Every structure is written in C-alpha cells, then in structure tokens.
Amino acid sequence: MTKPVTLVVTIVKIGTNPRTGLSTVGFDATATLKRSDFGLGKYVPQVSDAIEMHITSQAVEAKSYAEYLRAQAAEQAAAAAKDATRK
C-alpha cells in the first residue's frame, strides 16, 4: 500500500565538503505517518497511531561527483602502477 506524504525540509548547510572539496548541500526532512492509514490501527490509543519520520541527507551534483570518482580511481591506478614497478 502506498500513500503520499508531505516532507517538511530544512536546509542544514550549503558549502564545500572539506573531505572531498565538492559543493555539497545537507538537509533534514520530517514527516508524520499514521499507522491507521495503513491498516495498522490495532491497539490505538494504547499504542501511538503517529510515527515520526526523520531523514538526514546530503547531496552533491552528479557530474562533479563522477569527476571526483574518476580522479580517485586514476590516483589509485597510478599508485598501484608505481608500486608494481618498485617490485
């Protein structure tokens, strides 16, 4: 069973990730679901009908992240090649 839900979103921070150097946005999202909306209303009110959902996430532009991953892979390949020539 699926039902639409409205997320209340708060931007935590927009900036450069110090670990990767990539532009990143962080955000929190919250919503309240009712168990009874999904046929799980048994034992209400002894068991709360409301379920609070909290999502924390961050996002990076896909192209930038793909470039970052390619650069990381190239660095690892170069390091491996350098190690192989030393042996």
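About the cut-offs
Residues numbered from 1 in each chain as written. Predicted model: local features only at pLDDT ≥ 70, side-chain atom pairs only at ≥ 80, totals over all residues. Heavy atoms only, no water. Helix = DSSP H or I, 4+ residues; strand = E, 2+ residues; numbered from the N terminus. Buried < 20%, exposed > 50% of the residue type's maximum accessible area, 1.4 Å probe, protein only. Contact = heavy atoms within 4.5 Å. Lys, Arg positive; Asp, Glu negative; His and termini not counted. Charge placed at Lys NZ, Arg CZ, Asp CG, Glu CD. Polar contact = N/O pair within 3.5 Å; in protein donor to acceptor, adjacent residues only side chain to side chain. Pairing = 2+ DSSP bridges. Axes fitted to C-alpha atoms, helices over the stretch in contact; angles between N-to-C directions. Phe/Tyr/Trp six-rings, centres within 6.5 Å; stacked < 30°, edge-to-face > 60°.

1. Some points on the overall build of the chain
- Broken down by element type, the chain carries 1 helix and 3 strands.
- In sequence order, the secondary structure elements of the chain are arranged as β-β-β-α.
- Seen through its principal axes, the chain has C-alpha atoms that stretch 70 × 30 × 20 Å.
- Residues counted as buried form 11% of the 87 residues belonging to the chain.
- Residue pairs at least 24 apart in sequence account for 45% of intrachain contacts in the chain once pairs closer than 6 positions are excluded.
- Measuring between centres, the 11 positive side-chain charges of the chain sit 5 Å from its 8 negative side-chain charges.

2. Topic: the side chain of N17
- Inspection of the secondary structure assignment puts N17 in the loop between β1 (8–16) and β2 (23–34).
- We classify N17 as buried; its relative accessible area is 12%.
- Of the polar contacts made by the side chain of N17, one reaches the backbone nitrogen of R19; its length is 2.8 Å.
- For N17, the residues in contact, after removing those within four places along its chain, are L22, T24 and Q58.

3. Some words on the sheet that holds strand β3 (residues 50–60)
- Ordered in space as β1-β2-β3, the 3 strands form an open sheet in which the pairing is antiparallel. Taken across any chain shown, the strands that pair with only one partner, and hence form the sheet edges, are β1 and β3. Across the sheet, the axes of successive neighbouring strands diverge by a mean angle of 15°, strand direction being ignored.
- Alignment of β2 against β3, held across 11 bridges, turns out to be antiparallel. From the neighbouring strand, L33 faces β3, where its bridge partner is I51.

4. What about the packing of aromatic side chains?
- With the rule as written, the count across this model stands at 1 aromatic pair.
- With a centroid separation of 6.0 Å and 25° between ring planes, the pair formed by Y65 and Y68 is classed as stacked. Here Y65 and its partner Y68 are both found in helix α1 (residues 62–86), 3 residues apart, which amounts to about one turn of the helix.
- The class for Y65 is partly exposed, based on a relative accessible area of 38%.

5. Digging into the side chain of D49
- Mapped onto the elements of the fold, D49 is located in the loop between β2 and β3.
- Polar side-chain contacts of D49 include one of 2.7 Å to the backbone nitrogen of S36.

6. A short note on the pairing of β1
- Sparse coverage of β1 is indicated by the burial of 0 of its 9 residues.
- Between β1 and β2, which pair antiparallel one after the other, the connecting turn spans 6 residues, and G21 there sits at a positive phi close to 80°.

All we've got here are geometric facts, nothing functional implied.
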